[in-house]
Amino acid sequence: MEHFSHLIITFPPDINYERNVRMAHPMIAQQCTELMAEAGVTRSDTARHFLNCLCRDEVSPCLLGFAKDMLTKREMKKEENQENLMKRKEGHRGPKRREEDQEKFSRLILDIQKMEDSVQSASVLKVASKIFVQNPFFPQALARFYSLELKNYNRAEMWAKRAKERDPKNSFIADTLGQVYKHHLNSKASSATPREILRLATRAIEAFKDEERLAENQQGLDMQEDGMTKVSNIFNNRGLFGYLQVANIVFESLVNCNKDWRKVLTKNVSLGSVLKSLGDNKLWKFNALINSFRDEVERKCAFFDTYLTYSKPGMKKDDPPYIWRDVSNCYQNYVGDSPPKHLKQNIDKLFQCLKEKRAVTFPGLLSCLDRKYTVSQFKEITTWWGEIYLSKQCSDYAVLNYILAKIMLHNIGEAFPDALIRRILIKKMPLNATEPPELHMLAALMFWPKDKESIQQMHCSYEHAYKKHFRSRYLRPLFFLGKGKGLSRIIHKSILDDIFCEGNEDRKQDLNKNWSKIFKHLRIQERLLKVHGVVRNYKVYATFGDTEIEVDADLRDSLWKSGQVSFYLGFTIRGPVAFDIQEKPSKPTEEDLLRQLKVERHRTDWERERDDMRQWPQAGPEHRKPHPHGPSRSCTSCGGVMDSSDWTEVEPKVTRANGVLTYSLQSKAGRFKCSVSGLRWVCQKNVSIKYQFTSWEKHMERLECMNYTPGGPLLDITVIAGKLDEVHLPHWICLDHNPTLSAKLAVLHLDTDGDFVEPVSEVTPFHVKIIQPAFSPRGVLMRAGFPVKVHCNVLIYKTNTAPLTLHVYLIPHDPALQQAMEQKEISYGYKVIRKPNPDESLQMKDHFILTTDTDTAEICPDQLKLRYESNTPNFFEVFIKNAHTDFRLTLESAEQKKKERHVVWTCTIREDEYQKENNGQRQDEHFVDRHRTALIDRVTNPAPILDRLKDRELISDESCDAARAKTTSQDQMRAIFKFLRSAGTKGKDALYEILKKKYKILISELEDLDRRRSINQE
């Protein structure tokens, strides 16, 4: 291997750890694979040799995970990845991840199929299935390949059964057998006889019913009754859905053969009465199956009505649209269009009318507004439920549906008294946990505020009825509490959606991604009731006089700070939920307004500085006013105006606690500035202050709604001793000889009572002045929608191993963001290369191109848009093979309106700057690899991590389900590490970012450990 040592990396270097080897870069690995294929060593041969040579004896978990990922992990389709990447770069959100957007098989299996043939792909999976005799995933993948690609359904059935034998209690493995039968049925549907269709359908239905039974037994972790039952964090509904798909195929196939089948399948006529006209007496043996279709379809469609109406996969993710489409089609085929025979009683006919309208269940009624039913349709539905309510056959569910129909009709403008509804509900009081959750919700809506015990009973009712099926899913808000009285204060969610979207489809798609935006709409704020409450011990309570009622929070990160709050109250099927939790804002006092008016009457610092510059119109920089305290920032776009330097520069004392840096400063009377952030202050006596950089990220949505964007770093300033007369907050907006821009600047003020925007009257080229400030987190804002130039930084980070890789960031002059990027890159083993920043300001949202004078360099992406991203700004990756000399980096504007590219920045990277090695630390390892053991042991709840990785499309649905199926948090974390291998550095970066948010203390400890190791080695 010595001849190839420059192509591979062996890690970790510590002999106490299991040693692993990988190619130095994915491009090298790809090129080697192609060269071997050209030499006659095919991918399938390599894969079989790998399995036969390395996996014969006892296989380590790491190697098993690698083999499983290589042969079974399904990636997103390339065109989907590219489209989503481009949309993210342009600031758009891509489509939701769906099953059809994933590749059918692993990338290796697909490459073998493309470069060789399908038989070789199956051969590799067969070898893996025979070597790993206990693993069910290899025969599962092989069964899918035989079914979908080779159309060999007998072989597919054999391997699907073998996978099921290896894990007989896993409903997700059992699903494969049902899918094989379903695909076989679908392939024969257009040519097979009715008897053959029903024979194949029987096998598929039996498989899906078995899967449904297993799914019911795969309960959640908190529902496990014994130590022998396997658990799953999500409910597997594929058996139920597979049954409906098979029922659809049977219906369409048989009706195409003979129209009489429609009457048979919908129970309008019996099979025996038309058997002769169907031409096959042996069909009678399928009579039980045929008779069961309508009732089973009705039951399973009712489940999906409830499942899809009350919940969805995540807050920002919906179920794939094909689920609702196929369910609706199946219901329409068997139930909706065809009343069964012998409907003699009027009540039965009413129920059939309601079934045809999809309004026979509580969730179905709730969805009528989403289906845009008219007032006349709602009146008809309400009348039918009223007749059923008055009949002798009235059940508790009929009462509920009648009440709901009246509420829905009221929502679309038909006002009527609520006295009858109140009387009905009062008769059923008090409610207990055995009552349906729907009854609890209606009572809570009508009689809010309720007592604490009633809400607890509502929670217990939900857990009894739905928790097993809705586990790990986001509960949709169904109603909101509005202003007014009686039924007028019950507002259906779709009413709010319509107000926000106003018929705009783009808004509707955006709303599906980020529904919380709806609460910023003025008309919606006018409709909803603002409820007062308090946050205490990370819980939120609604307050009514002396009464406090605990409610759920839609966003748990809104509960980090105790204090008085206000919010909008929504109702899910589980109970009341607080939405858009806001700290109570405080209004500026009369004294503040008078002081602001007085300031506006005086000449601004910008005007004074501009007039000083005009006194020496012909003089060079060396003849301008002296700057006794060293060089200051300057900008050529501002016409050479330099930042005023009549300030004493102070170096702060820096301390770290829990990964957060605090900068402490002391000064006597005078004018001072911080050498790190550029913060300035004026004081008459000794003062002691400290500050921290704070991220804009959690405020970005609020700023967007207020039509502002960050214009400077967000600083959390605290005065420890003394008093400040003035504070000058730094900003990165280039005024560009345009003092009118100062009217578009403002200051965001955050305090315990909320946040509000303060106007700005005095602006200098690099600062905004505040007189007699009250301290809290503050930052400069810029009115959005105006073209603006900003002062920028270029950040460069390099690897310490060959080949050379640079990460080059172009960001606004934000010390907080620079600090965050530096901390992140260093944690990945990168080193900083310090270079001067651009002399001129750059236009926001312009595109820029990075080039080098080195022929072997590869730069990705081709161009980058300058934007402010508070969390993970994009960067240029520069990859240079065999770097061994100085080279130049050049940044150019890529805007089409310019005839020639304009160079905005350039620098020279010298050989000694990137050849320096840090031999002490394991720089070739990523942070999450370096601390893999600690993360596995100490991360106690991996479920949210899986959700976020799935949302970012870094793991597939199958991988996520498999990880959730693990019984311990340690095994789930090991699965996450295993599934992320194929995502490379991108996946590890995402895991690090998620962990940093969810486990701040743990990540801070591990980062401190890295720093101590680095110091000891130096």
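In what follows, the structure referred to is the one given above.
Residues numbered from 1 in each chain as written. Predicted model: local features only at pLDDT ≥ 70, side-chain atom pairs only at ≥ 80, totals over all residues. Heavy atoms only, no water.

1. Points about the pairing of strand E13 (residues 576-583)
Line of reasoning, step 1. Judged by how many residues are buried, E13 sits mostly within the fold: six of eight residues are covered.
Line of reasoning, step 2. Of the strand pairs in this sheet, strand E11 (residues 547-553) and E13 are connected by two bridges, and their pairing is parallel. Paired with Asp552 across the strands is Val577, a residue of E13.
Line of reasoning, step 3. Pairing geometry for strand E12 (residues 563-571) and E13, over six bridges, is antiparallel. Bridging from a neighbouring strand, Phe571 pairs with Pro576 of E13.
Line of reasoning, step 4. Connecting E12 to the next strand, E13, in antiparallel fashion are four residues, including Gly575 with a positive phi near 155°. (Buried < 20%, exposed > 50% of the residue type's maximum accessible area, 1.4 Å probe, protein only. Helix = DSSP H or I, 4+ residues; strand = E, 2+ residues; numbered from the N terminus. Pairing = 2+ DSSP bridges.)

2. Description of helix H30 (residues 815-827)
Line of reasoning, step 1. Over its 13 residues, H30 runs 18 Å from end to end, which matches the ideal 18 Å to within 8%, given 1.5 Å per residue.
Line of reasoning, step 2. Every buried residue belonging to H30 is among Pro815, Ala816, Leu817, Met821, Glu822, Gln823, Lys824, Glu825 and Ser827, and all of these are buried.
Line of reasoning, step 3. Phi turns positive, to about 90°, at Gly829, one or two residues after H30. (Expected span 1.5 Å × (residues − 1).)

3. Description of the pattern of salt bridges
Line of reasoning, step 1. The final tally for this structure, using the stated rule, is 40 salt bridges.
Line of reasoning, step 2. In this structure, Lys164 and Asp210 form a salt bridge, with 2.4 Å as the shortest nitrogen-oxygen distance. Of this pair, Lys164 sits in helix H8 (residues 153-166) while Asp210 sits in helix H10 (residues 194-217), and the two are 46 residues apart along the sequence.
Line of reasoning, step 3. The closest approach of N and O atoms between Lys468 and Glu216, which form a salt bridge, is 2.6 Å. A residue pair is termed long-range when its members are at least 10 positions apart, and Lys468 in helix H23 (residues 467-470) and Glu216 in helix H10 qualify at 252 residues. (Salt bridge = Lys/Arg side-chain N within 4 Å of Asp/Glu carboxyl O.)

4. A word on the sheet that holds strand E36 (residues 876-880)
Line of reasoning, step 1. Pairing in this open sheet of five strands is antiparallel, and the strands run E31-E29-E30-E36-E34 from one edge to the other. Edge positions in the sheet fall to strand E31 (831-833) and strand E34 (857-860), since each has one partner strand and no second. Strand-to-strand twist in this sheet, taken as the mean axis angle between neighbours without regard to direction, amounts to 25°.
Line of reasoning, step 2. Contacting strand E29 (792-798), strand E30 (804-812) and E31, H30 runs over the sheet at an angle of about 10° to E29. (Axes fitted to C-alpha atoms, helices over the stretch in contact; angles between N-to-C directions. Contact = heavy atoms within 4.5 Å.)

5. Notes on the nonpolar core
Line of reasoning, step 1. Residues Leu51 and Trp261 are the most contacted members of the largest nonpolar core, which totals 161 residues.
Line of reasoning, step 2. Considering each element in turn, this core owes the most residues, eleven residues, to helix H11 (residues 238-257).
Line of reasoning, step 3. Excluding residues that lie within four positions of it along the chain, Leu51 makes contacts with Arg56, Ala67, Leu71, Val124, Val127, Ala128, Ile131 and Phe132.
Line of reasoning, step 4. Of all hydrophobic cores here, the second largest spans 103 residues; its members include Trp681, Leu703, Val878 and Ala975. (Core = buried A, V, L, I, M, F, W, Y, C linked by side-chain atoms within 4.5 Å.)

6. Section: the packing of helix H6 (residues 118-131) against H8
Line of reasoning, step 1. The geometry of H6 relative to H8 is characterised by a closest axis approach of 12 Å and an angle of 30° between their N-to-C directions. In this view, H6 runs roughly parallel relative to H8, as classed from their interaxial angle. Crossing geometry of H6 relative to H8 is assigned as left-handed. Here Lys126, Ser129 and Lys130 of H6 lie close against H8, whose contacting residues are Arg155, Trp159 and Arg166. (Parallel < 35°, antiparallel > 145°, perpendicular 65-115°, else oblique. Left-handed = near helix turned anticlockwise from the far one by under 90°.)

7. Brief notes about the environment of Asn432
Line of reasoning, step 1. With respect to the helices, strands and loops of the structure, Asn432 is situated in the loop between helix H20 (419-427) and helix H21 (437-447).
Line of reasoning, step 2. Sequence separation of Asn432 and Ser461 is 29 residues, and the distance between their C-alpha atoms is 7.8 Å.
Line of reasoning, step 3. When sequence neighbours within four positions are dropped, the list of residues in contact with Asn432 reads His440 and Gln457.
Line of reasoning, step 4. A polar atom in the side chain of Asn432 sits 2.3 Å from the side chain of Thr434. (Polar contact = N/O pair within 3.5 Å; in protein donor to acceptor, adjacent residues only side chain to side chain.)

8. Some details on the packing of aromatic side chains
Line of reasoning, step 1. Summed over the entire model, instances satisfying the criterion amount to 34 aromatic pairs.
Line of reasoning, step 2. With centroids separated by 5.9 Å and ring planes inclined at 55°, the aromatic side chains of Phe235 and Phe303 adopt a geometry described as tilted. Taken as a pair, Phe235 in the loop between H10 and H11 and Phe303 in helix H14 (residues 287-310) lie far apart in primary sequence, 68 residues in all.
Line of reasoning, step 3. For Phe235, a relative accessible area of 4% translates into the label buried.
Line of reasoning, step 4. When the ring of Tyr307 is compared with that of Phe470, the centres are 6.1 Å apart and the planes differ by 55°; the resulting orientation is tilted. Here Phe470 lies in helix H23 and Tyr307 lies in helix H14, a separation of 163 residues in the sequence. (Phe/Tyr/Trp six-rings, centres within 6.5 Å; stacked < 30°, edge-to-face > 60°.)

9. Observations concerning the packing of helix H19 (residues 396-411) against H20
Line of reasoning, step 1. Interhelical geometry of H19 versus H20 gives an angle of 150° and a closest axis separation of 11 Å. Judged by the angle between their axes, H19 and H20 are roughly antiparallel. Here H19 and H20 pass one another in a crossing that is left-handed. Across the interface between the two elements, Val399, Tyr402, Ile403 and Lys406 of H19 pack against Leu420, Ile421, Ile424 and Leu425 of H20.
Line of reasoning, step 2. A class-by-class count of the residues in the contact of H19 with H20 yields seven nonpolar, no polar and one charged. (Nonpolar A, V, L, I, M, F, W, Y, C, P; charged D, E, K, R; others polar.)

10. Here's the deal with the side chain of Glu157
Line of reasoning, step 1. Looking at the secondary structure, you find Glu157 in helix H8.
Line of reasoning, step 2. Owing to a relative accessible area of 13%, Glu157 belongs among the buried residues under this scheme.
Line of reasoning, step 3. In terms of polar contacts, Glu157 uses its side chain to reach the side chain of Lys161, at 2.9 Å.
Line of reasoning, step 4. Those residues in contact with Glu157 that sit more than four places away from it in its chain are Leu177, Val180, Tyr181 and Arg203.

11. Quick notes on the side chain of Gln823
Line of reasoning, step 1. Mapped onto the secondary structure, Gln823 falls in helix H30.
Line of reasoning, step 2. Judged by its relative accessible area of 17%, Gln823 falls in the buried class.
Line of reasoning, step 3. One polar contact links Gln823 to Glu1007, side chain to side chain, over a distance of 3.3 Å.
Line of reasoning, step 4. Once residues within four sequence positions are removed from consideration, Gln823 is found in contact with Arg656, Gly659, Lys996, Glu1007 and Arg1011.

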